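Residue-level structural notes
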Amino acid sequence: MSSINKVVLVGNLGRDPESRQTQSGRTITSFSVATSERWSDKEGNRQERTEWHNIKAFGPIGDICARFLRRGSKVYVEGRLESREVVDQSSGQSRRFWDVVAGEVVFLDRKDS
């Protein structure tokens, strides 16, 4: 096996999805997903840490996410990790960001009957 690049997340959207079109007309939808970890420390105090994940969904997956997801929606996201480098124009320093490129998004909110 050469390598594996796979990410699986279950969490809630932190903001409404934002969509844009590439020059070729393909949809890119971006949104953030929060995952939380809870534990008790040595003194028995409850602790919580929330991680924020940037998600990119392309094509039909992106179209569906833009149409049906909203802030607070619970989702399962499976995809791959992709890094990008951004240069700050004022300081000239580069920063690296990591995004999850979604291959599958499952809506986990219950529908009202």
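Heads up: these notes are all about the structure in this document. What you are looking at is a predicted structure, and each value in this text was computed from that prediction instead of being measured. (Residues numbered from 1 in each chain as written. Predicted model: local features only at pLDDT ≥ 70, side-chain atom pairs only at ≥ 80, totals over all residues. Heavy atoms only, no water.)

Thoughts on the overall build of the protein
What counts, and what does not: Runs of E in the DSSP output that reach at least two residues are strands. Runs of H or I that reach at least four are helices, and both are numbered from the N terminus. Think of it in three bands: residues with accessible area under 20% of the maximum for their type are buried, residues over 50% are exposed, and the middle band is partly exposed, with areas taken using a 1.4 Å probe on protein chains only. Throughout, a residue-residue contact means that at least one pair of heavy atoms, one from each residue, lies within 4.5 Å. Only four residue types enter the tally: Lys and Arg on the positive side, Asp and Glu on the negative side; His and the chain ends are excluded. Every charge is mapped to an atom, namely NZ of Lys, CZ of Arg, CG of Asp or CD of Glu.
Helix and strand content of the protein: 1 helix and 6 strands. What you see in the protein, going N to C, is helices and strands ordered as β-β-β-β-α-β-β. Once the C-alpha set of the protein is aligned to its principal axes, its extents read approximately 55 × 50 × 40 Å. By the burial criterion, 27% of the 113 residues in the protein qualify as buried. Sequence-distant contacts in the protein: of pairs separated by 6 or more residues, those separated by 24 or more amount to 56%. Side chains of the protein carry 19 positive and 16 negative charges; the gap between the two charge centres is 3 Å.

Description of helix 1 (residues 59–68)
Selection rule: It is the directions from the helix axis to the C-beta atoms that the arc portrays.
All of the buried residues along helix 1 are Gly59, Gly62 and Cys65. Axial view of helix 1: buried residues confined to an arc of 115°, hence all on one face. Turned more than 90 degrees off the buried face of helix 1, the exposed positions are Pro60 and Arg67. Against strand 3 (27–40), strand 4 (46–58) and strand 6 (94–107) lie the buried residues of helix 1.

A word on the packing of aromatic side chains
Basically, it comes down to this: Aromatic rings from Phe, Tyr and Trp, taking only the six-membered ring of Trp, are treated as a pair when their centres fall within 6.5 Å; an angle between ring planes under 30 degrees marks them as stacked, one over 60 as edge-to-face, and anything in between as tilted.
Per the stated rule, a full pass over the model turns up 1 aromatic pair. Plain terms: the ring middles of phenylalanine 68 and phenylalanine 107 are 6.3 Å apart, the flat faces sit at 55° to each other, and that makes the pair tilted. With phenylalanine 68 in helix 1 and phenylalanine 107 in strand 6, the pair connects residues that are 39 residues apart, well separated along the chain.

Observations concerning the pairing of strand 5 (residues 74–87)
Applicable threshold: A pair of strands is treated as paired once DSSP finds two or more bridges between them.
Across 6 bridges, the pairing between strand 1 (residues 7–13) and strand 5 is antiparallel. Across the sheet, the residue bridging to glycine 11 is valine 75, located in strand 5. Across 13 bridges, strand 5 lies against strand 6 in antiparallel orientation. Its bridge partner being in strand 6, leucine 81 is matched across the sheet by valine 100. Linkage of strand 5 to strand 6, two consecutive antiparallel strands, is achieved through a turn of 6 residues, within which glycine 92 is found at a positive phi near 80°.

A word on the nonpolar core
For clarity, the cut-off: By nonpolar core we mean a set of buried residues, namely Ala, Val, Leu, Ile, Met, Phe, Trp, Tyr and Cys, connected to one another through side-chain atoms within 4.5 Å.
Judged by nonpolar contacts, the single largest core of 14 residues is most densely connected at Phe31, Val33, Ile55, Leu69, Val75, Val77 and Val105. If we ignore the near neighbours within four places in the chain, the residues touching valine 75 are Leu9, Val10, Gly11, Leu13, Val33, Leu69, Val105, Val106, Phe107 and Leu108.

Quick notes on a nonpolar patch on the surface
Quick reminder of the rule: Each patch is assembled from residues with relative accessible area greater than 30% and no salt bridge, linking like charges that lie within 9 Å and nonpolar side chains (Val, Leu, Ile, Met, Phe, Trp, Tyr) that lie within 5 Å. For the area figures, the Shrake-Rupley method with a 1.4 Å probe applies, and any residue is considered shielded solely by the protein chains shown. Criterion for a salt bridge: a side-chain nitrogen of Lys or Arg within 4 Å of a carboxyl oxygen of Asp or Glu.
A surface patch of nonpolar side chains, amounting to about 200 Å² of accessible area, comprises Val10, Val106 and Leu108. Mapped onto the fold, valine 106 is located in strand 6. Given a relative accessible area of 30%, valine 106 falls into the partly exposed group.

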